[in-house]
Amino acid sequence: PCTPGNNEQVRAELADRGFAPQILYVSDSVDVAQALEVAKCETSDLVLKPARMETITAAIANAIARDSKAREIKLARSRLAELKAREREVLTLLLDGHRNKTIAEALGIGIKTVKVHRQRLMHKLQIRSVAELVQFAIAAGVHSIPVPPHSGHCGKKTGRRKGVVAKEGSSSSI
């Protein structure tokens, strides 16, 4: 168990209640074994006494910044969880840099349908532009978005191949 007073148990109890506290461990002496134990407990920082006020202030500021980042990621992931399967597919392709037309072709749906899904996901994520969407993904630490298997109810494949335009009366094929 973590020192002092079994912080691991306290942290676990708080985590069960939805909190992820940043713990600042302050001690007058720490040996290597204790330092490793503190590190295992995901302690925000370790400050040895006597510490200067600037050191303590910096440690507190770092803990607050880490907490803020953790909350931002949690909020982002909760918003992502609200997306429907097709919205996730559209989001993934948007983050990969695809345009509406190529997204429509890849998913076998119309461009207008892509625009509707895009509008809905932007609304759910509270984002106004693709640039903001990319910033959201980076800030949230989202590198890939799991896309559950799709039921296929959102459109049909057109059967057209990308870049192939058949002229009327033409019998050539690629």
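Sequence order as written defines residue numbering, which begins from 1 separately in each chain. pLDDT decides what is reported in this predicted model: residues at 70 or higher carry local features, side-chain atom pairs at 80 or more are listed and counted, and totals for whole chains, interfaces and linings draw on all residues regardless. Water and hydrogen atoms were dropped before computing side-chain values, which therefore reflect all heavy atoms in the structure.

### Topic: the pairing of strand β1 (residues 24–27)
Successive residues of a regular strand alternate their side chains across the two faces of the sheet. Buried, partly exposed and exposed residues are distinguished by accessible area as a fraction of the type maximum, computed with a 1.4 Å probe on protein chains only: under 20%, between the cut-offs, and over 50%, respectively. Secondary structure elements follow DSSP: runs of H or I of four or more residues count as helices, runs of E of two or more count as strands, with numbering from the N terminus. What you see with β1 is a clean split: Tyr25 and Ser27 sit on the buried side and Leu24 and Val26 on the side with no burial. Here β1 pairs with strand β2 (residues 45–48) via four bridges, running parallel. Residue pairing for β2: Val26 is matched across the bridge by Val47. Note on pairing: two strands pair once DSSP finds at least 2 bridges between them.

### Here we look at the nonpolar core
Among the buried residues, those of types Ala, Val, Leu, Ile, Met, Phe, Trp, Tyr and Cys that are joined through side-chain atoms within 4.5 Å form a nonpolar core. Core analysis: the biggest nonpolar cluster contains 18 residues, and Val90, Leu91, Ile103, Leu121, Leu125 and Leu133 have the highest contact counts within it. Elements represented by at least two residues in this core include exactly α3 (53–81), α4 (85–95), α5 (100–107), α6 (111–125) and α7 (130–139). Residues are treated as being in contact if the distance between any of their heavy atoms lies within 4.5 Å. When neighbours within four sequence positions are excluded, Val90 is seen to be in contact with Ile103, Leu107, Val114, His117, Arg118 and Leu121.

### Observations concerning the environment of Lys124
Residue position: Lys124 is located in helix α6. Separated by 42 residues in the primary sequence, Lys124 and Glu82 have C-alpha atoms spaced 7.3 Å apart. As used in this structure description, the phrase polar contact means that two N or O atoms lie within 3.5 Å; if the pair is within protein, one of them must be able to donate a hydrogen and the other to accept it, and residues adjacent in sequence are counted only when both atoms belong to side chains. Separated by 2.9 Å, the side chains of Lys124 and Glu87 make a polar contact.

### Some remarks on the pattern of salt bridges
Take a side-chain nitrogen of Lys or Arg and a carboxyl oxygen of Asp or Glu: if they are within 4 Å of each other, that pair is a salt bridge. All chains considered together, the criterion is met by five salt bridges. With its nearest N and O atoms 2.7 Å apart, the salt bridge here joins Asp67 to Arg71. With Asp67 and Arg71 both in helix α3 and four residues apart, this pair spans about one turn of that helix. Residues Glu89 and Arg86 are paired through a salt bridge, measuring 2.9 Å at the closest nitrogen-oxygen approach. One end of the pair, Glu89, and the other, Arg86, are both in helix α4, three residues apart, so they sit about a helical turn from each other. According to the relative accessible area criterion, Glu89 is buried, its value standing at 13%. Exposure remark for Arg86: the relative accessible area of 5% places this residue in the buried category.

Remember, this is a structural readout, not a statement about activity or role.
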